[in-house]
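# Observations on chain architecture
Listed here are the chains, written in short residue letters.
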Amino acid sequence: MAQAAETRKRGRTKEKSVDTGVVLKAYRSMLLIRRFEEKAGQLYGMGLIGGFCHLYIGQEAVVVGIQLALTDGDEVITSYRDHGHMLATGMEARGVMAELTGRSGGYSRGKGGSMHMFSKEQKFFGGHGIVGAQVSIGTGLAFSNWYRGSDRVSVTYFGEGASNQGQVFESFNLAALMKLPVVYVIENNKYGMGTSVERASASQDLSKNGAPWGIPGQQVDGMDVLAVKAAADEAVAHCRAGKGPYLLEVKTYRYRGHSMSDPAKYRTREEVQMMRTQNDCIENARRKLEALDVDEKAIKAIDDEVKRIIQDAADFAQSSPEPDAAELYTDVLLEG
């Protein structure tokens, strides 16, 4: 009995050492992404969003944890599953939702849709529809920072399905050769479209994929936002110190299909339900807040605030006008 009591005491002491403000911020950001994606799924079902739409539900702790390790000026680039990254970098839910619905109030004035939004102000360089293509561009962003002599870091996200693309390894080689400040983040959600990572990759520890070039890496529990932040702190510090690239394999899970058109029959309902009930990243954060004795009213206030933001974003998106026909001829050519 005495030993069990001592164990519980040590657990409470460990929880108390956690920065409550950081957990609250992470909880709010993850919940915002979750509720946004749920609403986007609803609007897609209503026929208000066209084209492809890849939801981030389940993976929120990845981008939120890493974003907590970044500072103003650091750059982010990712793949087509990008709405969560936009919101985490500070892009407004209104503008993102309006872009999804093809309205002029969107970040790309209604012409980019789900996969092609950008924000120069928030240093968000897209959403990219070609599998793995953003890795080369993210390496280029790091080259730019290295060339200018700044201490900025490029965070380049891609999935486990893209991790064996040739351009990924070419990027690893260049980044290691020139010691470029880039954090490569493999968001391993177990399934590249409908193929499990075990069937697609001979490497079962993707954090070691940079080893031939001497790139350090580590695996991270992507359902624990604080674990992601801790790993990202280490990776970003490594890059900012001029030591070259760093690779994180963040093991996460998506609850929905690859895209809205995917029925996801390649996995069982029991598998998805087990992740939802036993290891959901938002519920994990809520439990941390409870262990930190955060008032339930404070948590409820965040829930209510997020609900208002998402409803406002949906209303704005549906009331915002469609792009003028003249927009067909804009953003076609950039004169240097």
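Check the entry above for the structure.
Residues numbered from 1 in each chain as written. Predicted model: local features only at pLDDT ≥ 70, side-chain atom pairs only at ≥ 80, totals over all residues. Heavy atoms only, no water.

### Here's the deal with the sheet that holds strand β7 (residues 246–251)
One open sheet accounts for five strands, arranged β1-β2-β3-β7-β6; its pairing is parallel. Strand pairing shows two members of the sheet lacking a second neighbour, β1 (75–77) and β6 (217–221), which therefore form its edges. Averaged over all pairs of adjacent strands, the angle between strand axes in this sheet comes to 20°, irrespective of strand direction. Taken together, the three bridges between β1 and strand β2 (residues 154–159) define a ladder with parallel strand orientation. Directly across from I77, in β2, lies its bridge partner T156. Sheet strands in contact with helix α3 (residues 60–67) are β1, β2, β3 (182–188) and β7, and its direction is about 170° off that of β2. (Pairing = 2+ DSSP bridges. Helix = DSSP H or I, 4+ residues; strand = E, 2+ residues; numbered from the N terminus. Axes fitted to C-alpha atoms, helices over the stretch in contact; angles between N-to-C directions. Contact = heavy atoms within 4.5 Å.)

### Things to note about the nonpolar core
Core analysis: the biggest nonpolar cluster contains 70 residues, and V155 and V183 have the highest contact counts within it. Sort the elements by how many residues they give to this core and helix α2 (residues 20–45) lands first, with eleven residues. Beyond its immediate sequence surroundings of up to four residues, V183 is in contact with V153, S154, V155, T156, A235, V236, C239, Y246 and L248. Residues V135, L180, L206 and L247 belong to the second largest nonpolar core, which totals 15 residues. (Core = buried A, V, L, I, M, F, W, Y, C linked by side-chain atoms within 4.5 Å. Buried < 20%, exposed > 50% of the residue type's maximum accessible area, 1.4 Å probe, protein only.)

### Regarding α2
For α2, spanning 26 residues, the distance from its first C-alpha to its last is 38 Å, which sits close to the expected 38 Å at 1.5 Å a residue. The distance from a side-chain oxygen at the start of α2 to the backbone nitrogen of G21 is 2.9 Å, and the residue carrying that oxygen is D19. A positive phi of about 80° marks G47, the residue just after α2. (Expected span 1.5 Å × (residues − 1). Polar contact = N/O pair within 3.5 Å; in protein donor to acceptor, adjacent residues only side chain to side chain.)

### Remarks on helix α6 (residues 133–148)
Residues spaced three or four apart along an α-helix face the same direction, because each turn holds 3.6 residues. Compared with the 22 Å implied by 1.5 Å per residue over 16 residues, the 24 Å span of α6 between its first and last C-alpha is a close match. Inspection of α6 places A133, Q134, V135, G138, T139, L141, A142 and N145 among the buried residues, and these make up the whole buried set. Each element contacted by the buried residues of α6 is listed here: β1, β2, α7 (166–178) and β3. G149 lies just past α6 and shows a positive phi near 75°.

### A look at the packing of aromatic side chains
Under the defined criterion, the tally for this structure stands at nine aromatic pairs. Aromatic pair F143 and Y147: ring centres 6.1 Å apart, planes at 25°, arrangement stacked. A residue pair is termed a helical-turn pair when its members lie 3 or 4 positions apart in one helix, as F143 and Y147 do in helix α6 at four residues. Look at F143 and you get partly exposed, because its relative accessible area is 33%. Under the relative-accessibility criterion, Y147 is labelled exposed at 64%. Each residue in the set F158, F169, F172, Y184 and W213 is aromatic and connected to the rest through ring pairs, giving one cluster. (Phe/Tyr/Trp six-rings, centres within 6.5 Å; stacked < 30°, edge-to-face > 60°.)

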